Amino acid sequence: MKDEQTEPEGALTIRTLAMPADTNPAGDIFGGWVMSQMDIAGAIAAVERVGGRVVTVAVEAMTFIAPVKVGDVLCVYTTIERVGTTSVTVEVEAWARRNRVADRVKVTDGRFVYVALGEDGAKRVIAR
């Protein structure tokens, strides 16, 4: 989470188009929708790292920097920040491509924590 950042950090994990159905009363994209896309991307990165099922246990930090507009392509980037005994912390950045072109602006960033689960649904140790 860096100020004045001009390029995304991490792996491009998901891209999706912001649609009119996802707007808030002010006409911008609802922050909860953006957060859910970030959680999905973070979970994808966590599943790949731990090699199995995960659940979100915390959002340690979240900063809304700029609004997402209808028609923007939301690009979500992830970086594994920390792997613990049973949990993984993922740094997540969301960037909007305005008008579906290369003009990119960072709109949100956050740190999401996931816990690895076994087949029985209980938390499990993450293999190193």
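Look up: the structure comes first, before these words.
Residues numbered from 1 in each chain as written. Predicted model: local features only at pLDDT ≥ 70, side-chain atom pairs only at ≥ 80, totals over all residues. Heavy atoms only, no water.

**Section: the overall build of the protein**
What counts is decided by this rule: In DSSP terms, a helix is any run of H or I states spanning at least four residues, a strand is any run of E spanning at least two, and both are numbered starting from the N terminus. When we talk radius of gyration, it's over C-alpha atoms, and the globule rule is simply 2.2 Å times the number of residues to the 0.38. Any residue under 20% of the maximum accessible area for its type is buried, any over 50% is exposed, and the rest in between are partly exposed; the area is computed with a 1.4 Å probe on protein chains only. Note on contacts: a residue pair qualifies if any of its non-hydrogen atoms lie within 4.5 Å across the two residues.
Each helix and strand counted, the protein has one helix and five strands in total. For the protein, the N- to C-terminal ordering of α and β elements is β-α-β-β-β-β. In summary, the protein has a C-alpha radius of gyration of 15 Å against a globular reference of 14 Å for 128 residues, a match within 12%. Projected onto its principal axes, the C-alpha positions of the protein cover 45 × 30 × 20 Å. Going through the 128 residues of the protein one by one, you find that 43% of them count as buried. Intrachain contacts of the protein at a sequence separation of at least 6 include 69% that bridge at least 24 residues.

**With respect to the pattern of salt bridges**
In plain terms, the rule: By definition, a salt bridge exists where a carboxyl oxygen of Asp or Glu is found within 4 Å of a side-chain nitrogen of Lys or Arg.
Applying the stated criterion to the full structure yields seven salt bridges. Where Lys 69 meets Asp 28, a salt bridge forms, and the shortest distance between an N and an O atom there is 2.9 Å. You can see Lys 69 sitting in the loop between strand 2 (54-64) and strand 3 (73-83) and its partner Asp 28 sitting in the loop between strand 1 (11-17) and helix 1 (31-50), a full 41 residues away along the chain. Through salt bridges with shared partners, a single network forms among Glu 81, Glu 91 and Arg 111.

**Details of the sheet that holds strand 3**
To keep things clear, this is the line we draw: One bridge is not enough; two strands pair if DSSP finds at least two bridges between them. Axis definition: a line fit to C-alpha positions, over the contact stretch in the case of helices; interaxial angles, taken between N-to-C directions, run 0 to 180 degrees.
Taken in spatial order, the five strands of this open sheet run 1-3-4-5-2, and their pairing is antiparallel. The open sheet terminates on both sides in strands that have one partner only, identified here as strand 1 and strand 2. Mean inter-strand twist for the sheet, computed between neighbouring axes without regard to direction, equals 25°.

**Examining the pairing of strand 3**
As paired elements, strand 1 and strand 3 share six bridges and run antiparallel to each other. Its bridge partner lying in strand 3, Leu 12 is registered against Tyr 77. Examined bridge by bridge, strand 3 and strand 4 (residues 87-97) share 10 bridges and lie antiparallel to one another. Within the sheet, the bridge partner assigned to Leu 74 lies in strand 4 and is Ala 96. Linking two consecutive strands that pair antiparallel, namely strand 3 and strand 4, is a turn of three residues.

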